[in-house]
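# Coordinate inspection notes
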Amino acid sequence: MARSSKIQRLLGPDWSIKFMKADGDCYYAAISAALENDFTVQALRDVVADACTEETLTMMRLAQRTGCGSYDHLRKIDDVEELKRRIRVTGGNTSAGQCVWACDFSIQTVAEHLGLAVLILDEAAPWGSQYVSILPDAPPDRVVCLQRTRRQHYNLLVRGETTFFDAADEDLGARWPAFGRRYGSGGGGDAPAAATNPLRDGADDDDVEILGDAEEGDDKDDDDAAPVVRDDKGPVADDWAATRTLSLAMPPLGDGPGEHRLRRVRTLARSNAAYQLTSWVLLRSLLPYAINAAAPARSSDGAVFLAFAINGSLVACFLGACLAARDRAPLDVGRANAVMGFAFSVVAVVATACAFGGRPRSAAPCVAIALAAAVIRGLDGYCTPLFYREIHAVSGSIAVLQWSGILAIWVVNAGVWVTLVAVALGG
């Protein structure tokens, strides 16, 4: 069991996380651990499998066709009996890729069967919507609290040594207002009318949202599932106070200090900020002037060359992003920085030489600028997602990842104002 400063900040100093294995069973394992193993993962999967009907399979296929979520496991399922068989397979006995992960139907079915209210702190949700309440039709016997990570993985939240709670717990009602309002625990007020499924009954999407995959990205909107009530109010004052100004102060790394990790994160964050500045401020501002200065003498203003340079650089950015999407895309920061600096120097030097020496006879300078612009944008498209990916991997902290984005915002904004002043003075 490990303690999390973020969880403690949101829920209180006596809360901590009991981590589940990422084997495809994490929702079931979290419920089992919360109930002190009264129900095994296999038993909970059997509950879900037994509840499946032809309508369940039909609605899953409808969600798959409409793009509501990833239902890849349905490709090899011909009937409801095969669906039941696949749901019974545990990740612990096979692997995360060989079992069916929990979906909305699974989450709600388990909660109803066990008489549970499941309260989720959803880190993937926007601010103000992280406090998700899965409420059974009947008043719950027990309450379980879960953490849903940005990777859609579930862990168990515990308070002290307590793994499940009473429905009258005022602390839970205050933090998950929909739960408190429904059962009168801390939230106050009368219980609201039962929430409806927005896909079926036209409920307001601001009040009800079907929760995405419980495990790691497998399913989303299963229409068989009862709705998940997502609170639009929650105790986020501490986080708002910390984020209402874009601070340049770097948060601490996750999992303790490490000088080499700190240096690496700073290098990645600074490189990322420099790429945003170079690609989307300096190049964007300089390119029209550079092409105009380097256009052949026979060209009026180089508009054709400018269009070629802009379109080519955007295509290069897209191709770079596609290459970065690979699982093992390499990142050599030093070499990438050197190429980025050289490419921008080509644009600046060629444009300056043509501005002072007059328009050239050939199109070679324009072509050189266009190619350099494509290199700059291509590197930006490739490296930027890898920067963020590695920053998160090295730091182990979402807060540090957010800080790296804030740093880029500050640098880009400063660059915009400097460029505007330069253009105004030059004009």
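About the criteria used
Numbering of residues begins from 1 in every chain and follows the order in which that chain's sequence is written. Owing to the predicted nature of the model, reporting of local features is limited to residues with pLDDT of at least 70; listing and counting of side-chain atom pairs is limited to 80 or more, with chain, interface and lining totals taken over all residues. Calculation of side-chain values draws on the structure's entire complement of heavy atoms; hydrogens and water are dropped beforehand. The helix count covers DSSP runs of H or I at least four residues long, the strand count covers runs of E at least two residues long, and both are numbered beginning at the N terminus. Contacts between residues were defined by any pair of non-hydrogen atoms, one from each residue, lying within 4.5 Å. UniProt positions are given in the numbering used here, feature names are shortened, and annotations may be inferred rather than shown by experiment. The term salt bridge refers to a side-chain nitrogen of Lys or Arg lying within 4 Å of a carboxyl oxygen of Asp or Glu. Only protein chains enter the calculation, and the probe is 1.4 Å; a residue is then buried if its accessible area is under 20% of its type maximum, exposed if over 50%, and partly exposed in between. What counts as an axis is a line fitted to C-alpha atoms, over the stretch in contact for a helix, and the angles between N-to-C directions run from 0 to 180 degrees. In what follows, roughly perpendicular refers to angles from 65 to 115 degrees, roughly parallel to angles under 35, roughly antiparallel to angles over 145, and oblique to any angle outside these ranges. Amino acids are sorted into nonpolar (Ala, Val, Leu, Ile, Met, Phe, Trp, Tyr, Cys and Pro), charged (Asp, Glu, Lys and Arg) and polar (every other residue, Gly among them).

## Thoughts on the environment of arginine 142
Of note, arginine 142 is situated in strand 4 (residues 142-148). In this structure, the C-alpha to C-alpha distance between arginine 142 and leucine 114, residues 28 residues apart in sequence, is 8.5 Å. Dropping the residues within four chain positions of it, arginine 142 is found in contact with Leu35, Asp38, Leu114, Gly115, Leu116, Ala117, Phe164 and Phe165.

## Examining the UniProt feature "transmembrane region" (unreviewed entry) in the protein
UniProt tags residues 303-324, 336-356, 362-379 and 400-425 as "transmembrane region" (unreviewed entry). Annotation note: span residues 303-324, helix share 100%, strand share 0%, distance between end C-alpha atoms 32 Å. Helix makes up 100% of residues 336-356 and strand 0%. Its end C-alpha atoms lie 30 Å apart.

## Quick look at the pattern of salt bridges
Summed over the entire model, instances satisfying the criterion amount to 11 salt bridges. For arginine 45, the salt bridge goes to aspartate 25, with nearest N and O atoms at 2.8 Å. With arginine 45 in helix 3 (residues 41-51) and aspartate 25 in the loop between strand 1 (15-18) and helix 2 (26-34), this residue pair connects regions lying 20 residues apart in the sequence. Of the residues examined, aspartate 25 reaches a relative accessible area of 4% and is grouped as buried. Between aspartate 46 and arginine 88 there is a salt bridge, with the nearest N and O atoms lying 3.2 Å from each other. Of the two residues, aspartate 46 sits in helix 3 while arginine 88 sits in helix 5 (residues 80-88), which places them 42 residues apart along the sequence. Of the residues examined, aspartate 46 reaches a relative accessible area of 24% and is grouped as partly exposed. Take arginine 88: its relative accessible area is 29%, and that puts it in the partly exposed class. Shared partners join several salt bridges into a network, and the residues in it are Arg159, Asp169, Asp171 and Arg175.

## Observations regarding the packing of helix 3 against helix 6 (residues 104-114)
Axis separation between helix 3 and helix 6 bottoms out at 9 Å; the angle between their running directions is 105°. Taken as axis vectors, helix 3 and helix 6 run roughly perpendicular relative to one another. Along the contact surface, helix 3 presents Leu44, Val47, Val48 and Ala51, while helix 6 presents Phe105, Ser106, Thr109, Val110, His113 and Leu114. When the residues that make up the contact of helix 3 with helix 6 are grouped by side-chain class, the tally is seven nonpolar, three polar and no charged.

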